[in-house]
Amino acid sequence: MLGKGNERKQIGRGSGGQVGIAACVVVLAVWAGAGAQAQIPTDGLAVWLKADAGVTVTGTSVTRWADQSGNSRDASQTLNTLFQPALVPNAINGLPAVHFDGINDYLSFVLPVNNLSSMTICMVAANMSNQTSASPYCRNAALFWNETASWGTVYVIPFQGSVMWRFGTTQTNNWPTYTRPASIGTSYSITITRKDGTTDTLYVNRVRVQAQGGKLQRIAACINTANIGRGYQNTFYNGRVAELIIYTKALSDTERQQVEQYLIGRYFSVNQPPTAPTNPRATSGDGSVLLSWDASSGQVSSYRVYQSLTAGGPYTLATSTTALSVRVTGLTNGTRYYFVIRAYNPAGESPNSQEVSAVPESGVSLRARSWYEYE
Ligand SMILES: [Ca+2]
């Protein structure tokens, strides 16, 4: 399974610190923290949305997601602020994602797909609640072109436990469903669907997991407007989309692998350390101190607890854990110890958390007392 996304509720950007401005507009042209940028094929590139470029945030809401393909197929939501998704900073590997609430959020863009005999859709997304889709299996879609006749619709839906997808042609009973070997929870994954004439293929995290032949040659009975976050009959995807790349051709295997390498480099390799853990707490015990803290953003391999006998350090490593709390033992009762916590991943350590301190005492192990109660 690929990397685990940040699940903390850090919705929106641009409102905090903009004192006195009720509805500020921030265009995020560049988001720092992306890794080396591999190239993607440009032949047949129709739409390219990535959450670290061209996202217009009004207040905390995404009003426009600008197409980076050069075709100006921007996705937008101007009907109602309640329908606007949110931008989540540091959603995955230091990069943001657009969060659709599953209630009424969606963005729309125009891309006619009728008569196409080949098409490729590449998406990096996470399903934030365990959704499924009832018949006709295009409900709660992450990406969706509605139909003008039965068995139209083009859709892609990466759920936690399955992937639903279709290139609609009016052909009956065309509703490929892929059941994952195990739920991926709220992890992000790469979903690529490809129509190549009469064969439709699904790739999940670079693996071809489903292929169906005997399809009608051309996409048909679809409207020209696609929705991100909204499926059939006003049903909505509760999830996050970091990037969406659409080609009006069938990518070759070599081209598809280029896209996959680009997406892996951006979202699934560790390029930067996590942020510092927040809200550290220290509770005295008998010859020990119990430390706890709130999770860091970004990919975290472990948390490292450092201690010192002096406020401000220098600190030495006391212990490490993958949990959000740990007991440091072997301490001397009556002596004040100072602690900071750092989050670690292969790209490095976070800055220090705020410092906390505690004095281990005999007979206090069952009493949760913070050090400042002794001041
Ligand atoms: Ca909403």
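A quick note: this is a predicted structure, and the numbers were derived from the prediction, not measured.

### Here's the deal with the overall build of the protein chain
Stage number 1. When helices and strands are counted, the protein chain shows one helix and 28 strands.
Stage number 2. Buried positions account for 45% of the 375 residues belonging to the protein chain.
Stage number 3. Taking contacts inside the protein chain between residues at least 6 apart in sequence as the whole, the part at least 24 apart equals 69%.

### Digging into the nonpolar core
Stage number 1. Ranked by internal contacts, the top residues of the largest apolar core, which has 78 residues, are M123, A142, L143, Y155, I157 and A242.
Stage number 2. Take this core: its biggest share by element is seven residues, from strand β9 (residues 118-127).
Stage number 3. When near neighbours in sequence (up to four residues on either side) are disregarded, L143 contacts I121, M123, Y155, V156, A226, I228 and L244.
Stage number 4. Judged by nonpolar contacts, the second largest core, of 19 residues, contains V305, I341, V356 and A358.

### Digging into the pairing of strand β16 (residues 207-212)
Stage number 1. Taken together, the five bridges between strand β15 (residues 199-204) and β16 define a ladder with antiparallel strand orientation. When the bridges of β16 are listed, V204 appears paired with V207.

### Let's talk about unusual backbone geometry
Stage number 1. Backbone torsion omega between S135 and P136 reads 10°, so that peptide bond is classified as cis.
Stage number 2. Secondary-structure assignment places P136 in the loop between β9 and β10 (143-147).
Stage number 3. With omega at 5°, the peptide bond leading from G313 into P314 counts as cis.
Stage number 4. Examined against the element boundaries, P314 turns out to sit in the loop between β23 (302-308) and β24 (316-321).
Stage number 5. Of note in the backbone geometry, N140 takes a positive phi value of approximately 55° without being a glycine.

### So, the sheet that holds strand β21 (residues 278-285)
Stage number 1. The three strands lie next to each other as β21-β22-β25, forming an open sheet whose pairing is antiparallel. The sheet terminates laterally at β21 and β25 (325-328), the two strands that pair on one side only. Taking the axes of each pair of neighbouring strands and ignoring which way they run, one obtains an average angle of 20° across the sheet.
Stage number 2. Relative to strand β22 (residues 288-294), β21 runs antiparallel, the two sharing six bridges. Within β22, the position partnered with R281 by the bridge is S292.

### A few points about the confidence of the model for the protein chain
Stage number 1. Here the protein chain averages 88 in pLDDT, while 87% of its residues score no lower than 70.
Stage number 2. Confidence drops under a pLDDT of 50 for residues 1-36, and excluding neighbours within four residues, the segment shows 76 contacts in the predicted structure.
Stage number 3. Note on residues 365-375: pLDDT under 50 across the span, and 15 contacts to partners over four residues away in sequence or across chains.

### Some details on the environment of L324
Stage number 1. Along the chain, the position of L324 falls in the loop between β24 and β25.
Stage number 2. A sequence separation of 44 residues divides L324 from P280, and the C-alpha atoms of the two residues are 9.7 Å apart.
Stage number 3. Excluding its chain neighbours within four sequence positions, the residues that come into contact with L324 are S292, W293 and A295.

### Some points on the environment of L216
Stage number 1. By the secondary structure assignment, L216 is in the loop between β16 and β17 (222-228).
Stage number 2. For L216, a count of 16 C-beta atoms within 10 Å translates into the label partly exposed.
Stage number 3. Taking C-alpha positions, L216 is 8.7 Å from S117, a pair spaced 99 residues apart along the chain.
Stage number 4. In this structure L216 touches T169 and Q171, once residues within four positions along its chain are discounted.

### Some points on the environment of S297
Stage number 1. You can see S297 is positioned in the loop between β22 and β23.
Stage number 2. Given 21 C-beta atoms within a 10 Å radius, S297 is considered buried.
Stage number 3. Along the backbone, S297 and N93 are 204 residues apart, and their C-alpha atoms lie at a distance of 8.9 Å.

### What about helix α1 (residues 253-268)?
In an α-helix, one full turn covers 3.6 residues, which means residues spaced three or four apart are oriented alike.
Stage number 1. Looking only at α1, the buried set comprises R256, V259, E260, Y262, L263, R266, Y267 and F268.
Stage number 2. In the core, the buried residues of α1 are packed alongside β6 (86-92), β7 (95-101), β9, β14 (189-196), β15 and β20 (238-247).

About the criteria used
- Residues numbered from 1 in each chain as written.
- Predicted model: local features only at pLDDT ≥ 70, side-chain atom pairs only at ≥ 80, totals over all residues.
- Helix = DSSP H or I, 4+ residues; strand = E, 2+ residues; numbered from the N terminus.
- Buried ≥ 20, exposed ≤ 12 C-beta atoms within 10 Å, placed from the backbone.
- Contact = placed C-beta atoms within 7 Å.
- Core = buried A, V, L, I, M, F, W, Y, C linked by C-beta atoms within 7 Å.
- Pairing = 2+ DSSP bridges.
- Axes fitted to C-alpha atoms, helices over the stretch in contact; angles between N-to-C directions.
- pLDDT = per-residue confidence, 0-100.

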